[in-house]
Amino acid sequence: MVVSVHDRRAPSRPLRARFSCFSSRLVLGNETVTTGKDISRIESVLRLTRGAVSGRSDAVEGTVLHINIGREMETSFARCVANMQASRTAWERREALQETKKCVGLLRERPSAMDGALEGAVTWLMKDLLQLTRRGLEAASEKKRIYRKQEDEEETTSQILALEESGQEPVDEEGGEQGKPMSVPPVNLEEVREHCKLVLELVNARGWKAVMRCMPHEARDLEGAARLLLSMEQECPHPANKEDRSGIPKMQPGTDTAWEESQSLGIRQNPTRKSTEQSDKQIFRCTMFNGSEDSAEEWEDVGEVKCVLLLWLCVLVLLPFDIAVVDSTRENLNAKPLEEELIDLSKHFLATPGNLRDMAALLLSRLLSRRDMKPQLLSFCRWCSNQVLGSDLDPHCFLIPGIAHAMAHIFKMGSKDSLIMVAEEGWKVAEALSVGCQQVGSTLVRKLGHKLVQRVLLAMLPAAAVSWKYDRRITSLLFDDSHHQREQRNKVEAVSCEDEEFCAPEFLEAAVEMLLSGLKDRDTVVRWSAAKGLGRISSRLPLSLAGDVVEAVVDILSPTHNDSAWHGGCLAVAELARRGLLLPVHLDNVVPKVVTALAYDVRRGPHSVGAHVRDAACYVCWAFARAYEPKVMKKPALQLAPALLVTACYDREVHCRRAASAAFQEAVGRQGATSFAHGIEIITAADYVTVGPRQRAFLEVAPFVAQFAEYTDAFVDHLVHVKLRHWECSLRKLSAKGLKELCAHGREKVLEALSRTLIPLCTDPQLEIRHGAVYGVAESLIGLGESMDIKTLGTPRIDALSSIIARIIDAKLCRGKGGELMRTAVCKLIQSISTVNLPVDMEFLSQAQRTLDENLAHPNAEIQEMASEGMRIFLKAYFSDDRNHAEILVLQYCTWLTATDNPPRRRGGALALAAIPESLYADSPLFGQAMTALCSSSALGGESCHEDAETRVNSVKAIGVIYRNLCQQGPAVLKQTISVAMNKEVFTSLLKALDDYSIDDRGDVGSWVREASIRSIQEFLAVNQDMLAAGGKVDLRQMETLAFGRLAKQAMERIDRLRGTAGVAIAALLHRNDTAISYAEHFQDLRAVLLGTGACESINWSSPVDSFPRLVKLVGFEAYRTQVMSGLVLSIGGLCQHLSCVASDALFAYMSEPSAPPLPEIAKTLLEVWRSACGTDRITVPLMNTLDKLYTRTELRQIGPKVASFHAEVLELTRIEGRGSKDVKKLTVIANVLCHLCLTPEPVSSQALSVYMVLLGNRFPKVRQYAAEQLYITMLMVDETEDLYSWAKCTENALEVLSECAWDSSPEIAKEARDRIRASLPLDDVPKAQLVVPTCR
């Protein structure tokens, strides 16, 4: 038995309904919350029932999971309700309300799991609103009882009115209070609003139907809810009703027009009747506002409350008896009926935007659909007709969508006899909306117009379903096949009777024509509504008329129509098929169009349209699989199966691939593997997950499917004729790779496509076609070379392949628009021809060499990379032993490297030298020539040819590539080829590349060179290890020690990418046996410190949190301390706060360990780094920041006598850095260092303070202000009684001047204050510098 994948993925509705009686429920009382039945019982029942449901075990398990989730939701909501009821303070209620909102949010995320919790949630959220309505109704009833009792006593009536005006309760004659105390406690108005918002959230999550069923539905609440809504609209009208935008007269609920008319006609009325009614309304209005008229301001924003009241009234108006029974004002002859007031109010709400309009339309449909409301229904439909026909259908008018919404609901919910009575008015509205809205920009109005057209027509058509529609035979154990055949014969006999008895409405043709035009609408929602309408209408028509509808729909699927028409047509075909209205005789005409729709893709400007059409075509296939029997689908399946699989594997959009995969799975499950060949094997490989990634679908799933002969030709044809011509370049390249993968299964078909289609199209005038054709030929050659001997192609094909490049060059297709794309394609073709070693003549070789040289000198980096790769394979295939040709090439490319006026040629020269085969370099002077040129071009010098960063990057990479390739020739060849002097020169160049910190407009371009050098050093060390093993003269210990120190420096700098690259290189050199730097100093200690016992792959070297605690321990090794500290100071003193904190914490944590070097050693190393980089702000500014942290967090001020000159050297270097500096950031860092030096022992303290005076007179106000603040803090730290500093007892006047002077004012004022401070302190002139430092760079 074949089970549909669709059924296994989601439980069917009947199965879920079968176990709905066991689902857990939440029951809420006034105080307590209880849960439903034990879930274990549910699971046991489901387990017992699993055997009875054949093939539905997964569905049963899904139901168990559904119930478990429902129980979890109910428990969460029950806890929220309990917290709300137990809260006493406002803060507790707010917290509980927030938890309730979170619970509602979870219910929105999982709508299917909220069945059990929904009823309890709505009941509790409606509790306060229910209390509010009942309290108002109770107060109004009690008041009316008093007025009835005293109706004929004028004096008593006046007293009651007086009491009302004074705000007191009326008292009866016996002295007791007439009004009974309220049985309903007062409510919090703010909570009512919040609860209503949550109810609307539930409506958005689950729909108004599910929420409405859970609302209270007692008949006594109808009048209270209606009066509350009327009073709220009177006191707080909607903003849209304050300004008359729709032409509707304002509603005045406080007036009684009927009573005034009766007075003008002289009708005798009770003089107290009008005042009684007005008092009743006033009473209810006061009750709504919690007993106070002033509290009406709290109800300014009540839109959510009105929406919930309207939805609640949709339930309440369905009471099975006359509304007059619950209308207490109906006794007054002049009172307006409650239903009339609701209709008038809803009319006003129809002119408002948002949920209020939708709920009002829903209420009108429910109210007017009652059997006792036929006059009101006719009146409302006439009013709607007048409003629509009398307006210009302004898209900015909110009334038109409201009317359309209300009419659509009415014609959906009303009884047939009522709707026939108003069908003429409904058709007027529908026709006006459908015809007039073609020029209107409102999508909503057009959608509702088409919805109304179909529902008006459905009201006029026979209610019974037609007997001619196709019903798929369902295999049953209760009936044999003859039962189904007998039913089909009876239906056929009834068709002729239906044709004779059918009486078509007069506007049937016009309605169908409107819906057919709706299939071509520009908006999807309109097309979808029209498609469903055509399906519903066709199910009521006789066979002849329905056949005309089907033919009209199929005619839409023609090349003359646009993508919108194709999409709408596919939706309509799917609806007709799903309902059994597309008879099998129509499939021969429909299936080819569906196959065309599955590949629909029309170019429009720089992109294409058609994804929605292909998605709808997948829906059609899904509907076909469910609608027809296997014997009917046997012939269409031969066309649909390849088309579906092509879309599932090769479509550009992921949702189309997944839709096609789902449709194919449904077809296999419903139709069986006989109709859809190899269906079971295919759906296991081409499922929802596997077809998601495009690369995987093209290169893995498609070749698997193509192994079946039924689909191979379709796959090859689609790639050749469709995808290789696609507008997206990356998709053409991917399609070419996909064609390569198909060569193993469809070699003959690929060869045929290669000869007849691809080779002739390589010079097509259209860029996309020729580019895709060249890539297709290139990739196909590689695929054919893997599955056959390429020499068996034959001379004609080989000549045609070898002439492609000449044809492209002669046609000048590599120049002008699209020339860059064609250059990459030509390089790819040369690479493919060389890969399969296609037999070619010398003319082709010369042409290919010239083409590659030209592309190597191209400014585009991608073209250069493709040409370099093509050159490597080309030379290896055809010139691997030609030393003369190699000498010419090396000389040519070395000359390119010295071209000062052509940077692209220099870059290409470096790439070309790396592409020359290693066999031509082995034991040849060509290696020395190439290395000398590459080392020279990789250096950062003053010449213009050395200023190009890309040239240096390519040169450094080329050194590593040449060394790596040469290593394959063996240690003996290495020893003979690489000399000691050349080896040292290469190593020096790579180390210099690690110091490339050049910057241009693009930023730190030197980081590209450093990254390339890190990788090349790895290859260099591996080659030198082999040379040493062969007896070569290599000082490997010194090389590895220097290289490791430089790599450690890069691993501790600022850039994450470089840290990761350097860290991986360090781990590889320490971990791997073949390239381990076993000669470096402290090799074993380094391996233990950095790698420990774990695998090096588990360390994230880019993350400073993971790498710095390991790398900082290298400070303990003297051989690497200077390099490590030079990189570490850049991270500690850099701009990145996170990196600075992590690096400094790692350093100070290590310094506290016993194995760490003493502080003086670290300080000495910092001075060495500073001396070597004096004047280089890139290093000195972070280094001074690092010194600031060291002074702050260590005892660096009290450093020992061994480095007594440390502070003096720091002072002198600081003076040199600050001399003439205009960098504000640098000057502030200098101020920090000088403040620390002021607290060091004499005489450095006084000298530092004297130097500090210069900063107080700096030209920049920000520097002066900052320096004054820091000096003030420093002086406060000094105790006047101490004798450590000569100026400690003279700080009082200095502190006063520092605090009083405005240092960010004019320089003259600052210098005057600076001189006063200097005069108050015993400071001497600082002696001239005695420190010899390198020239500042």
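Summarised in this report is the structure supplied together with it. Keep in mind that this is a model prediction, so the values were computed, not measured.

### Some words on the overall build of the protein
And step 1. In terms of helices and strands, the protein carries 64 helices and 4 strands.
And step 2. Looking at the protein as a whole, 54% of its 1337 residues qualify as buried.
And step 3. Relative to all contacts within the protein whose residues are 6 or more apart in sequence, the contacts with residues 24 or more apart total 72%.
And step 4. Summed over all atoms, the accessible surface of the protein reaches about 59200 Å², with 51% contributed by carbon and sulfur.

### Things to note about helix 37 (residues 767-787)
And step 1. The terminal C-alpha atoms of helix 37, which comprises 21 residues, lie 30 Å apart, in line with the 30 Å expected from a rise of 1.5 Å per residue.
And step 2. Within helix 37, 18 of the 21 residues are buried, which leaves it mostly tucked inside the rest of the structure.

### Details of the packing of helix 47 (residues 949-966) against helix 50 (residues 1006-1029)
And step 1. For the pair helix 47 and helix 50, interaxial distance at closest approach is 8 Å and the crossing angle is 15°. Classified by the angle their axes make, helix 47 and helix 50 are roughly parallel. The hand of the helix 47/helix 50 crossing is left-handed. For the pair helix 47 and helix 50, contact is made by Ala949, Glu950, Arg952, Val953, Val956, Lys957, Gly960, Tyr963 and Arg964 and by Trp1008, Val1009, Ala1012, Ser1013, Ser1016, Glu1019, Phe1020 and Val1023, respectively.
And step 2. Looking at side-chain class alone, the contact of helix 47 with helix 50 contains 9 nonpolar, 3 polar and 5 charged residues.

### Here we look at the packing of helix 34 (residues 709-721) against helix 36 (residues 747-758)
And step 1. It is the contact of helix 34 with helix 36, at a shortest axis distance of 10 Å, that shows an interaxial angle of 25°. Accordingly, the angle class assigned to the pair helix 34 and helix 36 is roughly parallel. Here the hand of the crossing between helix 34 and helix 36 comes out right-handed. Residues Asp713, Val716, Asp717, Val720 and His721 of helix 34 pack against Lys749, Val750, Ala753, Thr757 and Leu758 of helix 36.
And step 2. Across the contact of helix 34 with helix 36, the residue classes tally to 5 nonpolar, 2 polar and 3 charged.

### Some remarks on the environment of Leu228
And step 1. Its location among the elements puts Leu228 in helix 11 (residues 221-235).
And step 2. Sequence separation between Leu228 and Lys306 is 78 residues, and the spatial gap between their C-alpha atoms is 9.2 Å.

### Some thoughts on helix 58 (residues 1177-1193)
And step 1. Between its first and last C-alpha atoms helix 58 spans 24 Å; for 17 residues at 1.5 Å apiece the expected length is 24 Å, and the two agree.
And step 2. For helix 58, the buried fraction is high: 12 of the 17 residues fall into the buried class.
And step 3. Listed in full, the buried residues belonging to helix 58 are Ile1179, Thr1180, Val1181, Pro1182, Leu1183, Met1184, Asn1185, Thr1186, Leu1187, Asp1188, Leu1190 and Tyr1191.
And step 4. Among the structural elements, helix 55 (1118-1132), helix 56 (1137-1151), helix 57 (1159-1172), helix 59 (1206-1218) and helix 60 (1224-1237) are those in contact with the buried residues of helix 58.

### Quick look at the pattern of salt bridges
And step 1. Scanning the entire structure with this criterion turns up 49 salt bridges.
And step 2. A salt bridge links Glu666 to Arg670, with the shortest nitrogen-to-oxygen separation between them at 2.7 Å. Taken together, the residues span about one helical turn, with Glu666 and Arg670 both in helix 31 (residues 654-671) at a distance of 4 residues.
And step 3. According to the relative accessible area criterion, Glu666 is buried, its value standing at 1%.
And step 4. One network of salt bridges, in which partners are shared, links Arg907, Asp948, Glu950, Asp1000 and Arg1002.

### Looking at the nonpolar core
And step 1. Counting residues in hydrophobic clusters, the biggest one holds 389 residues, and the most contacted among them are Phe624 and Phe715.
And step 2. Counting residues per element, this core draws most heavily on helix 30 (residues 630-650), at 12 residues.
And step 3. Residues contacting Phe624, with those up to four places away along its chain left out, are Val573, Ala577, Leu582, Leu587, Val590, Val591, Val594, Met633, Leu640 and Gln671.

### Things to note about the packing of aromatic side chains
And step 1. Tallied over the full model, the rule gives 19 aromatic pairs.
And step 2. Seen in terms of ring centroids, Tyr619 and Trp622 are 5.9 Å apart; in terms of plane orientation they differ by 25°. Their pairing is stacked. Here the residue Tyr619 and the residue Trp622 both occupy positions in helix 29 (residues 611-627), the gap between them amounting to 3 residues, near one helical turn.
And step 3. A relative accessible area of 22% places Trp622 in the partly exposed class.
And step 4. Taken together, a centroid distance of 6.5 Å and an interplanar angle of 80° make the contact between Tyr921 and Phe927 edge-to-face.
And step 5. Residue classification places Tyr921 among the buried residues on the basis of a relative accessible area of 1%.
And step 6. Aromatic ring contacts, followed pair by pair, group Tyr921, Phe927, Tyr963, Phe987 and Phe1020 into a single cluster.
And step 7. Directly above the ring of Trp383 sits Lys347, whose terminal nitrogen or CZ lies 4.8 Å from the centroid.
And step 8. Against the face of Tyr997 rests Arg1178, its NZ or CZ located 3.7 Å from the ring centre.

What counts, and where the lines are drawn
- Residues numbered from 1 in each chain as written.
- Predicted model: local features only at pLDDT ≥ 70, side-chain atom pairs only at ≥ 80, totals over all residues.
- Heavy atoms only, no water.
- Helix = DSSP H or I, 4+ residues; strand = E, 2+ residues; numbered from the N terminus.
- Buried < 20%, exposed > 50% of the residue type's maximum accessible area, 1.4 Å probe, protein only.
- Contact = heavy atoms within 4.5 Å.
- Areas by Shrake-Rupley, 256 points an atom, 1.4 Å probe, with all protein chains shown as cover.
- Expected span 1.5 Å × (residues − 1).
- Axes fitted to C-alpha atoms, helices over the stretch in contact; angles between N-to-C directions.
- Parallel < 35°, antiparallel > 145°, perpendicular 65-115°, else oblique.
- Left-handed = near helix turned anticlockwise from the far one by under 90°.
- Nonpolar A, V, L, I, M, F, W, Y, C, P; charged D, E, K, R; others polar.
- Salt bridge = Lys/Arg side-chain N within 4 Å of Asp/Glu carboxyl O.
- Core = buried A, V, L, I, M, F, W, Y, C linked by side-chain atoms within 4.5 Å.
- Phe/Tyr/Trp six-rings, centres within 6.5 Å; stacked < 30°, edge-to-face > 60°.
- Lys NZ or Arg CZ within 6 Å of the ring centre and 35° of its normal.

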